[in-house]
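Survey of secondary and tertiary structure
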Amino acid sequence: MPTRARMPKESRERWQKTYDETPYRELPWFSPTPYSWVRRIGTGGWWKPGERILDIGCGAGTNTLFLARSGFRATGVDLAPGAIRAATQRAKRAGLPAEFRVADALELPFPKGRFGGLTDVGCFHTLPFPLRPHYARELARVLKPRGRYALAWVAREFTGEMGPAHRPSVEEVASVFESQFQMLRVEFLPGRRDSIPAYGAVLERRSSRQPARR
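Throughout this description, residue numbers start from 1 for each chain and increase along the sequence as written. Per-residue local features of the predicted model are confined to residues with pLDDT of at least 70, and side-chain atom pairs are confined, for both listing and counting, to 80 or more; whole-chain, interface and lining totals are unaffected and use all residues. Hydrogens and waters are ignored; side-chain quantities use all the structure's heavy atoms.

1. Considerations on the overall build of the chain
Every helix listed is a DSSP run of H or I at least four residues long, and every strand listed is a run of E at least two residues long, numbered separately from the N terminus. Assigned secondary structure in the chain consists of six helices and seven strands. Helices and strands appear in the chain in the N-to-C order α-α-β-α-β-α-β-β-α-β-α-β-β. For 214 residues, the compact-globule estimate of 2.2 N^0.38 gives 17 Å, and the C-alpha radius of gyration of the chain, at 16 Å, lies within 12% of that figure. Projecting the C-alpha coordinates of the chain onto the three principal axes gives extents of approximately 55 × 40 × 35 Å. Burial status across the chain gives 48% buried among its 214 residues. Throughout, a contact is declared for two residues whenever any of their heavy atoms are within 4.5 Å. Partitioning the intrachain contacts of the chain with sequence separation of at least 6 by distance along the chain shows that 69% fall at a separation of at least 24. When the accessible surface of the chain is summed, it comes to about 11600 Å², and 49% of that surface belongs to carbon and sulfur atoms. His is not counted here, nor are the chain ends, while Lys and Arg score as positive and Asp and Glu score as negative. Where a charge lies is defined by one atom per residue type: Lys uses NZ, Arg uses CZ, Asp uses CG and Glu uses CD. Side-chain charges of the chain comprise 36 positive and 21 negative groups, with the mean position of each set lying 7 Å from the other. The globule rule used here is 2.2 Å times the number of residues to the 0.38 power, and the radius of gyration it is set against is calculated over C-alpha atoms. Per-residue accessibility, obtained with a 1.4 Å probe over protein chains only, is compared with the maximum for each type, and a residue is labelled buried under 20%, exposed over 50%, and partly exposed between these values. Every accessible area reported is derived by Shrake-Rupley at a probe size of 1.4 Å, with residue values counting cover from the shown protein chains alone.

Rendered as structure tokens:
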């Protein structure tokens with residue numbers, strides 16, 4: 001049985017401090033509009049109407065609120081209580097039925113196969129290398145077989161200071177997830193003035209074991 005893992009204490013404290021000390025609208029990654037990749041996947045028929053979708057590392061909830069507004073049963077989780085407070089308040093003001101919970105992405109408080117879809121904009125690429133396989137297994141646990149996972153991460157092509165110090169290659173991402181998921185689509189997302197270059201991927205949870213090497 002795989003060993004369990006949790007985010008390091010220093011990571012939990014750092015994210016909590018970030019949202020406690022800075023209004024969410026002033027954080028450099030906040031956007032009042034949904035991320036382009038989430039919007040494209042959410043409106044592109046990749047998920048069934050009314051599907052349960054989990055937004056991992058939801059921050060102040062912009063992508064989760066978009067999914068709820070689009071007719072999905074949307075849930076957002078984040079390590080920072082301040083982020084969840086902000087997201088919950090925004091959902092209440094908008095009159096949207098999105099659910100938000102403080103949770104560790106490596107130890108999600110949901111039963112097996114709870115969701116038909118997942119989103120992750122900016123969580124995976126912040127994880128320490130040794131924890132990434134645990135993350136892949138935990139996502140596979142809460143996702144239904146053949147459920148789709150929309151992932152976006154900062155591209156290596158971006159050389160600016162914002163974002164994680166390490167920007168994974170497509171090969172690195174595939175190596176972490178391929179035992180649990182198949183990659184259905186990978187696309188380079190060139191940055192604009194208000195965004196940075198990234199990669200977007202759609203992965204599907206395997207319904208059977210990964211074929212052995214040949």
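2. Side note on the environment of Tyr149
Looking at where Tyr149 falls in the secondary structure, it is placed in strand S5 (residues 143-154). For Tyr149, a relative accessible area of 0% puts it in the buried group. A C-alpha to C-alpha distance of 9.8 Å links Tyr149 and Asp55, two positions 94 residues apart in sequence. When residues no more than four places from it in sequence are discounted, the contact partners of Tyr149 are Leu118, Thr119, Asp120, Tyr135, Leu139, Leu143, Phe177, Phe181, Ala201, Val202 and Leu203.

3. With respect to the pairing of strand S1 (residues 52-56)
Among the five residues in S1, four count as buried, and that is most of the element. The rule for pairing is simple: two strands pair if DSSP sees at least two bridges between them. Bridging between S1 and strand S2 (residues 73-78) involves five bridges; their strand directions are parallel. Following the sheet pairing, Ile53 is matched in S2 by Ala74. Note on handedness: a clockwise path from strand one over the helix to strand two, with the strands aimed away from the viewer, defines a right-handed crossover. Running through helix H3 (residues 62-69), the crossover from S1 to the neighbouring parallel element S2 is right-handed. Inspection of the sheet shows S1 paired to strand S4 (residues 115-121) by four bridges, in the parallel sense. Paired with Ile56 across the strands is Asp120, a residue of S4.

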